[in-house]
Amino acid sequence: MQPIDLPSPNHAARPADTPIDILVLHYTELPLAESLAILRDDARPQRVSAHYVLDLDGALYRLVPEERVAWHAGRSHWRGRDGLNATSIGIEIVNLHGDLHDYPSRQIAALIELCHEIVARHPAIVPRNVVGHSDIAPKRKIDPGRRFPWATLARSGIGLWPRGTCLKLEGDMQAALRRFGYPPAVDVATSDIVAAFQRRFRPSLVGGIADDETRMLLADLLDQVDALRPA
Ligand SMILES: [Zn+2]
């Protein structure tokens, strides 16, 4: 894809010898012009940015080169690591509220193409490391929202989706969520992390209760990541 370059001053150097291995998806919560203005503003008390902004019609804007750190994740955690800006790429997808508004198919088609290109450039971004902001910052963030089509992305090979098996989750829910990648229940309750998981993998019912279906979905996903693990 040929992005339109609109450089942002908000970026930093990557740490040395650390691969880019996480892809974080966001929604902007604001229309394109306002989003671009904020993500390119260096006078705000909290400067923010993202590598890419993807408009509703699939037009793509590049704000920060992938080899630099953009400031999109904030306080965040995945698979035992904090502060994920250093090792991630962030895409802001224009949508005013991903719980309320569907993502247009043109936008999602463009997103899938972009994700494939990013993963090809950074093979350390394995499927389980394609995450939503809500996965890595439970309770604090809800983007990309319940209407984000994770299943469509997974069918195209981007990220994971439960296969509909009826596996039984062994052991404690919190420990299993952590094994998949979710943060420990330190600043937030376990129910907040269960809700983040449901928001991503069972958006029809996000209550934070670790019911049988939730446990089954998590067992399926853990089985997938175990199978994907290199021998
Ligand atoms: Zn976000």
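Residues numbered from 1 in each chain as written. Predicted model: local features only at pLDDT ≥ 70, side-chain atom pairs only at ≥ 80, totals over all residues.

In terms of regular secondary structure, the protein chain is built from seven helices and ten strands. In terms of overall size, the protein chain behaves like a compact globule, its C-alpha atoms giving a radius of gyration of 17 Å where 231 residues would be expected to give roughly 17 Å. Counted over contacts in the protein chain with a minimum sequence separation of 6, partners at least 24 positions apart contribute 70%. (Helix = DSSP H or I, 4+ residues; strand = E, 2+ residues; numbered from the N terminus. Rg over C-alpha atoms; globule rule 2.2 N^0.38 Å. Contact = placed C-beta atoms within 7 Å.)

Attention shifts here to the domain arrangement of the protein chain. With domains assigned, the protein chain is organised as domain 1 (1-160) and domain 2 (162-231). Taking only C-alpha atoms into account, the centre of domain 1 sits 22 Å from that of domain 2. On the side of domain 2, 15 residues touch domain 1, which itself brings 15 residues to the contact. For the side of domain 1 that touches domain 2, the secondary structure elements donating two or more residues are strand 7 (77-78) and helix 3 (133-136). A per-class count over the side of domain 1 that touches domain 2 returns seven nonpolar, three polar and five charged. (Domains from an automatic or database assignment. Nonpolar A, V, L, I, M, F, W, Y, C, P; charged D, E, K, R; others polar.)

Let us look at the pairing of strand 3 (residues 22-27). Counting buried residues along strand 3, six of its six residues qualify, which places the element largely inside the surrounding structure. Along strand 3, one buried face is formed by I22, V24 and H26 and the opposite face, lined by L23, L25 and Y27, is buried too. Here strand 3 pairs with strand 9 (residues 88-93) via six bridges, running parallel. By the bridge assignment, V24 is partnered in strand 9 with G90. Sheet topology note: the strand 3/strand 10 (residues 130-132) ladder contains three bridges and is parallel. (Buried ≥ 20, exposed ≤ 12 C-beta atoms within 10 Å, placed from the backbone. Pairing = 2+ DSSP bridges.)

Now for the nonpolar core. V24, A50, Y52, V53, L54 and I93 are the most contacted members of the largest nonpolar core, which has 38 residues in total. Breaking this core down by element, the ones donating at least two residues are strand 3, helix 1 (32-39), strand 4 (52-54), strand 6 (68-70), strand 9, helix 2 (105-121) and strand 10. (Core = buried A, V, L, I, M, F, W, Y, C linked by C-beta atoms within 7 Å.)

Looking now at the sheet that holds strand 3. Across the sheet, six strands lie side by side as 1-5-4-9-3-10; this open sheet has mixed pairing. Where the open sheet ends on each side, the last strands, each with one partner, are strand 1 (4-5) and strand 10. Relative to strand 9, strand 4 runs parallel, the two being bridged by three bridges. Across the sheet, residue Y52 finds its bridge partner in strand 9, namely I91.

Time to look at the packing of helix 6 (residues 190-201) against helix 7 (residues 212-228). Orientation of helix 6 relative to helix 7, taken along the N-to-C sense of each, is 75 degrees, at an axis distance of 11 Å. As summarised for this structure, helix 6 and helix 7 are arranged roughly perpendicular, according to the angle between their axes. Seen from helix 6, the contacting residues are V194, F197, Q198 and F201; seen from helix 7, they are T214, L217 and L218. For the contact of helix 6 with helix 7, a count of residues per class yields five nonpolar, two polar and no charged. (Axes fitted to C-alpha atoms, helices over the stretch in contact; angles between N-to-C directions. Parallel < 35°, antiparallel > 145°, perpendicular 65-115°, else oblique.)

Phi is mostly negative for residues that are not glycine, and the peptide bonds are mostly trans. Of note, the amide linkage connecting D143 to P144 takes the cis form, showing an omega dihedral of 15 degrees. Its location among the elements puts P144 in the loop between helix 3 and helix 4 (150-155). Phi at D17 takes a positive value of approximately 55 degrees, unusual for a residue other than glycine. Looking at the element boundaries, D17 is found in the loop between strand 2 (11-13) and strand 3. Of note in this structure, K139 is not a glycine but carries a positive phi near 70 degrees. Assignment of secondary structure puts K139 in the loop between helix 3 and helix 4.

Once that is clear, we can look at the environment of L167. Relative to the helices and strands, L167 is located in the loop between helix 4 and helix 5 (173-180). Not counting the four nearest positions on each side in its chain, L167 is found in contact with M216, A219, D220 and D223.

Right, let's get into the packing of helix 5 against helix 7. Where helix 5 contacts helix 7, the axes come no closer than 10 Å and their chain directions differ by 35 degrees. Crossing of helix 5 against helix 7: the hand is left-handed. Here M173, A176, L177, R179 and F180 of helix 5 come into contact with helix 7, specifically with R215, L218, L221, L222 and V225. (Left-handed = near helix turned anticlockwise from the far one by under 90°.)

In a regular helix each residue adds 1.5 Å, so 17 residues correspond to 24 Å; helix 7 covers 24 Å between its end C-alpha atoms and thus fits that length. What helix 7 keeps buried is the set T214, L217, L218 and L221. On an axial view of helix 7, the arc spanned by its buried residues comes to 95 degrees, and they lie on one face. Opposite the buried face of helix 7, at more than 90 degrees from it, the exposed residues are D212, D226 and A227. Contacts made by the buried residues of helix 7 are with helix 5 and helix 6. (Expected span 1.5 Å × (residues − 1). Arc of directions from axis to C-beta.)

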